[in-house]
Amino acid sequence: MSTPHASDDTEPTAPDGYAAARLLLLHEKERSGPPRRAALARLTDDWLAGLLAAAAPPRGTALVAVGGYGRAELSPRSDLDLLLLHDGSADRAALAALADRLWYPVWDLGIALDHSVRTPAEARAAAADDLKVHLGLLDARTVAGDHGLVAALRTTVLADWRNQAPRRLPELDALCRERAERAGELPHLLEPDLKEARGGLRDAQALRAVAASWLADAPREGLDTARRRLLDARDALHLTTGRATDRLALQEQDAVAGELGLLDADTLLREVYEAARTISYASDVTWREVHRVLKARSARPRLRALLGTRAPGRAPAARTPLAEGVVETDGEAGLARTARPERDPVLTLRAAAAAAQSALPLSPHAVRHLAAHAAPLPVPWPAEAREELVTLLGAGEATVPVWEALEAEGLVTRLLPDWERVRCRPQRNPVHTWTVDRHLVETAVRASSLTRRVGRPDLLLVAALLHDIGKGWPGDHSVAGETITRDLAARIGFDRADTATLATVVRHHLLLIETATRRDLDDPATVHAVATAVGTLGTLELLHALTEADALATGPAAWSAWRAQLVDDLVKRVTGVLAGEQPPDPEAAAPRADQERLAVEALRTGEPVLTLRTRAEQPLDPDTPEPVGVELLIAVPDRPGVLPAVAGVLALHRLTVRAADLRAVALPGVLGTGTGTVVVLDWRVAAEYGSLPEAARLRADLVRAFDGTLDIAARLAEREAAHPRRRGLAAPPPRVTVAAEGSRLATVIEVRAQDAPGLLHRVGRALEGAAVRVRSAHVSTLGANAVDTLYVTRPDGTPLPDEEAIDLARALETALR
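Conventions we followed
Residues numbered from 1 in each chain as written. Predicted model: local features only at pLDDT ≥ 70, side-chain atom pairs only at ≥ 80, totals over all residues. Heavy atoms only, no water. Helix = DSSP H or I, 4+ residues; strand = E, 2+ residues; numbered from the N terminus. Buried < 20%, exposed > 50% of the residue type's maximum accessible area, 1.4 Å probe, protein only. Contact = heavy atoms within 4.5 Å. Axes fitted to C-alpha atoms, helices over the stretch in contact; angles between N-to-C directions. Parallel < 35°, antiparallel > 145°, perpendicular 65-115°, else oblique. Nonpolar A, V, L, I, M, F, W, Y, C, P; charged D, E, K, R; others polar. Phe/Tyr/Trp six-rings, centres within 6.5 Å; stacked < 30°, edge-to-face > 60°. Pairing = 2+ DSSP bridges. Left-handed = near helix turned anticlockwise from the far one by under 90°. Right-handed = clockwise from strand over helix to strand, strands pointing away. pLDDT = per-residue confidence, 0-100. Core = buried A, V, L, I, M, F, W, Y, C linked by side-chain atoms within 4.5 Å. Expected span 1.5 Å × (residues − 1). Salt bridge = Lys/Arg side-chain N within 4 Å of Asp/Glu carboxyl O.

Some details on the overall build of the protein
Right, so step 1: For the protein, the count of helices and strands is 31 helices and 15 strands.
Right, so step 2: Within the span of the protein, comprising 817 residues, buried residues form 52% of the whole.
Right, so step 3: Taking as baseline every contact in the protein between residues at least 6 positions apart, the subset at least 24 positions apart corresponds to 71%.

Side note on the packing of helix α8 (residues 165–183) against helix α9 (residues 201–212)
Right, so step 1: α9 packs onto α8 with a crossing angle of 170° between their chain directions and a minimal axis gap of 11 Å. On the basis of the axis angle, α8 is roughly antiparallel to α9. Two secondary-structure elements touch here, α8 through Leu169, Leu172, Cys176 and Arg179 and α9 through Arg202, Asp203, Ala206, Ala209 and Val210.
Right, so step 2: A class-by-class count of the residues in the contact of α8 with α9 yields six nonpolar, no polar and three charged.

Details of the packing of aromatic side chains
Right, so step 1: Tallied over the entire structure, the rule returns three aromatic pairs.
Right, so step 2: A centroid spacing of 4.2 Å and a plane angle of 10° characterise the contact between tyrosine 18 and tryptophan 47, whose relative ring orientation is stacked. Of this pair, tyrosine 18 sits in helix α1 (residues 16–26) while tryptophan 47 sits in helix α2 (residues 34–54); the two residues are 29 residues apart in sequence, bridging distant segments of the chain. By the burial criterion, tyrosine 18 is buried, and tryptophan 47 matches it.
Right, so step 3: Ring geometry for tyrosine 104 against tryptophan 107: centres 5.1 Å apart, planes inclined by 85°, an arrangement best described as edge-to-face. Taken together, the residues tyrosine 104 and tryptophan 107, both in helix α4 (residues 92–108) and three residues apart, mark about one turn of the helix.

Details of the side chain of serine 448
Right, so step 1: One can find serine 448 in helix α18 (residues 436–448).
Right, so step 2: Since its relative accessible area comes to 10%, serine 448 is described here as buried.
Right, so step 3: Apart from residues no more than four positions distant in its own chain, serine 448 is found in contact with Leu393, Gly394, Gly396, Leu461 and Pro732.

Looking at the sheet that holds strand β6 (residues 326–329)
Right, so step 1: On the basis of which strands lie adjacent, the open sheet formed by three strands has the order β5-β6-β7 and antiparallel pairing. Bordering the open sheet on either side are β5 (320–323) and β7 (332–335), each of which pairs with just one other strand. Between one strand axis and the next, the sheet turns by 45° as a mean value, whatever way the strands run.
Right, so step 2: With respect to the sheet, helix α13 (residues 347–357) is in contact with β5, β6 and β7, its orientation differing from that of β6 by roughly 40°.

A closer look at the sheet that holds strand β3 (residues 113–118)
Right, so step 1: One open sheet accounts for four strands, arranged β3-β2-β1-β4; its pairing is mixed. Pairing within the sheet leaves two strands with one partner each, and these edge strands are β3 and β4 (141–145). Adjacent strand axes in the sheet meet at a mean angle of 25°, parallel and antiparallel pairs treated alike.
Right, so step 2: Those strands touched by helix α7 (residues 147–163) are β1 (61–65), β2 (80–86) and β4, and its axis lies near 105° from that of β2.

Overview of the packing of helix α10 (residues 223–241) against helix α11 (residues 250–259)
Right, so step 1: Between α10 and α11, the shortest axis-to-axis distance is 9 Å and the interhelical angle comes to 115°. One element, α10, and the other, α11, form an angle in the roughly perpendicular class. Crossing handedness for the pair α10 and α11: right-handed. Contacts between α10 and α11 involve Ala233, Ala236, Leu237, Leu239, Thr240 and Thr241 from the first element and Glu252, Ala255, Val256 and Glu259 from the second.
Right, so step 2: Grouping the amino acids of the contact of α10 with α11 by side-chain chemistry returns six nonpolar, two polar and two charged.

Quick notes on the pairing of β3
Right, so step 1: With six bridges joining them, β2 and β3 adopt parallel strand pairing. If you follow leucine 80 over to β3, its bridge partner there is leucine 113.
Right, so step 2: In this fold, β2 hands off to α4, which returns the chain to β3; that crossover is right-handed.

Topic: the confidence of the model for the protein
Right, so step 1: The share of residues in the protein with pLDDT of 70 or more is 89%, and the mean pLDDT across the chain is 87.
Right, so step 2: Mean pLDDT per element in the protein: strand β14 (residues 773–782) is the minimum at 75, and helix α19 (residues 457–466) is the maximum at 98.
Right, so step 3: Between residues 615–628, whose pLDDT stays under 50, and residues either more than four places distant or in other chains, the model counts 22 contacts.

Topic: the environment of glycine 758
Right, so step 1: Turning to its location among the elements, glycine 758 is positioned in the loop between β13 (747–754) and α30 (759–769).
Right, so step 2: Those residues in contact with glycine 758, other than ones at most four positions away along the chain, are Ala651 and Leu716.

A few points about the nonpolar core
Right, so step 1: Counting 93 residues, the largest nonpolar core has Leu362, Trp381, Trp403, Leu416 and Trp419 as the members making the most contacts within it.
Right, so step 2: Beyond its immediate chain neighbours, meaning those up to four positions away, leucine 362 contacts Arg288, Ala333, Ala351, Ala352, Ala355, Val367, Val402, Ala405 and Leu406.

A word on α18
Right, so step 1: With 13 residues, α18 ought to run about 18 Å at 1.5 Å a step, and its terminal C-alpha atoms sit 19 Å apart, in line with that.
Right, so step 2: For α18, the buried fraction is high: 12 of the 13 residues fall into the buried class.
Right, so step 3: Every buried residue of α18 is accounted for by Val436, Asp437, Arg438, His439, Leu440, Val441, Glu442, Thr443, Ala444, Val445, Ala447 and Ser448.

Remarks on the pairing of β5
Two faces, one strand: in a regular strand the side chains alternate between the faces of the sheet.
Right, so step 1: In terms of strand pairing, β5 meets β6 through three bridges, oriented antiparallel. When the sheet's bridge partners are listed, threonine 320 is paired in β6 with glutamate 328.
Right, so step 2: The antiparallel pairing of β5 with β6 creates a hairpin that spans two residues between the two strands, and glycine 325 there sits at a positive phi of about 80°.

Focus on the pattern of salt bridges
Should their charged atoms come close, side chains of opposite charge can pair.
Right, so step 1: Within the structure shown, the criterion is met by 49 salt bridges.
Right, so step 2: One salt bridge connects aspartate 232 with arginine 37, and the closest N-O pair in it is separated by 2.9 Å. Of this pair, aspartate 232 sits in helix α10 while arginine 37 sits in helix α2; the two residues are 195 residues apart in sequence, bridging distant segments of the chain.
Right, so step 3: Looking at aspartate 232, the relative accessible area reads 14%, which means it is buried.
Right, so step 4: Judged by relative accessible area, arginine 37 falls into the buried class, the value being 4%.
Right, so step 5: Across the salt bridge formed by arginine 167 and glutamate 171, the nearest N and O atoms sit 3.2 Å from each other.

Notes on unusual backbone geometry
Right, so step 1: Along the chain, valine 379 connects to proline 380 via a cis peptide bond; the corresponding omega equals 0°.
Right, so step 2: Position of proline 380 relative to the elements: it lies in the loop between α14 (364–373) and α15 (383–393).
Right, so step 3: Its identity is not glycine, yet alanine 72 carries a phi of approximately 60°, on the positive side.
Right, so step 4: Following the sequence through the fold, alanine 72 ends up in the loop between α3 (67–70) and β2.
Right, so step 5: Accessibility expressed as a relative area gives 25% for alanine 72, which makes it partly exposed.

Focus: the environment of valine 779
Right, so step 1: You can see valine 779 is positioned in strand β14.
Right, so step 2: Sequence separation between valine 779 and valine 751 is 28 residues, and the spatial gap between their C-alpha atoms is 9.2 Å.

Quick notes on the side chain of histidine 508
Right, so step 1: Within the element layout of this structure, histidine 508 appears in the loop between α21 (496–507) and α22 (511–518).
Right, so step 2: Residue classification places histidine 508 among the buried residues on the basis of a relative accessible area of 19%.

A short note on the environment of threonine 526
Right, so step 1: The topology assignment puts threonine 526 in helix α23 (residues 524–534).
Right, so step 2: Looking at threonine 526, the relative accessible area reads 11%, which means it is buried.
Right, so step 3: Once the C-alpha coordinates of threonine 526 and threonine 515 are considered, the two residues, 11 residues apart in sequence, prove to be 7.7 Å apart.
Right, so step 4: Sequence-distant contacts of threonine 526, that is, excluding residues within four places in its chain, are made with Thr515, Arg519, Asp520 and Leu521.

What follows is the structure, given as structure tokens:
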């Protein structure tokens, strides 16, 4: 509001003592933060009360503080929100003169003022028309005058707020979203607006308003501390700049940090970011609960009308299994009633992965319970934990809110101790959009859409998460990151080879973009230097995808068609240098003794033979009769349709295939029958949820599948129709390629697709429909990604011609879409 000049016949009534006392208070080093804000509010109260008393107000009037002043949260340059409340009995001219004697002294001191003169009815009507007025009145407080009049107004305004909550709260939510879109996310801005940005003081005020509605309440832990930190930062900003500003500009940050007694501007920003994240997370949880309650309320009358009865209470929410120990309820991923986090150290990652893959928020109650009771993961992590981390990272945009929920309760740092050094760490480079930790998560999000381009999606996603982990340490962050990555990769459970690959990728994650944009690519020394640093085609492939994901997650200025073209050119040149390395032929390995024994039995009986056994690296859970994961070894006399039949039976039994290997084994005849061929399938499987099936039931269904009495495709379609799986973010489309010169004996087809029940069954049926023979298959499920390598031939055993191989790849892609 503009500040008018006092008229000639209006004398300033502000005591000189108020200005002096205010100045003294604001520069008291011994009193800061909440005590200073409260003292400033009391000092202002006394001054304004004196002004009101000197003006001899009529009966039935009161001076009311609203908004931040009503909460006694006055910063040094805060404006004053004042309401002159009257019961309507006084003469309008007298009220106008009274208002002038109150407002002009405020303006004369250069203090911004938002003011109004209203009766309770007028105030109530203004609140009904203007959401911001209503919010301000929720904090109404008597400065001087008729306390009863103010108390009655407060009671009425609060009652209106609670009665109108179904309409008002969605308006408030929309207002918060619009403001966040305009001002950005405070936890990631280099020059944040402490008040307007998402996670700022406006959002904290909105949470108070939601609580006042009695409809929902915010998570309280840390919320008051977060508000206090932002208010303290704003106080220091006002004092150091001498202006009523809420934007923490770069040039002001060192002075503000000094005013607060902090080490430097980075320390200031980390504290501000941490506070804003607490408020942002509380806002997400609170608004989710508000909409759930409003939706339930709107559905209840329709349900009662439909049933013709009065519902005595809220029906229990449906609980849909998502993973072992994880269920969906009320639109959130939570813990099953039987979940025992104190005996299941993988549960935290499993719950997070299930939530992200289903595009569901992770229940704050579940996260809090996991933080309080989850058993620590052993070091190194078991294979399941590593795979669940990869699944979480590969979920795309849905990863971010789940990761933030884990962060809110300190679970990320518990899983990855080195994360603490990059958490909330600002990046001074203006090209960067995010803080270091959020940039790492965003890079994993970007990398999730590039997983079809690499042979090891798990290494790409983990490298994306760790590539800047060294920024928490002094020196070259790539060099520091290499050391940290070696430790973390070993902790996560990667073997030596994979750990070395991850370390190399992190060490050289800037190599391609820097070389492509700063070196002469026509100079052979440039390409040879990159090839020497990279070492292998697999590492080059990972670096290529990571380079793009890193740039896209940095900001719009970090990636362009020109940069992409330069990097692609460099990668092609380096690939040529490294092309001398040929991958080993997977068919060259001889079968193991146990595989050969099972194959002999299958050839002798003419029927499928299988064994289930616990893998050595996955011990039995002492509290359950079933193993966490098992190795399933199957031998079947060679016949058409082995792969789709076996894969389909496993899908029907809700078994997740984590890894698989298929090969044809030629054996000498049994009982004089001559040479025979047996297909041996070595699978590592785990129950999607619940117990593992009995081996006898699996074998019986395999027999039925081969004799044609079990229609697998129909059964899978029926189950999908009855219980469709919840879909999260759309996965990248499947990609099928022909590996040139992959084998002399067969055509090598590589399938990369989103893992899903029945995927291998669909692949097998498509191959069978194309009238090709599968000589061997090597299947690996890495998190949510299935990477399948299939060695196929014509029926006569010869490799497919190039055109036929390309047509087969296209047909497979079509079938998988």
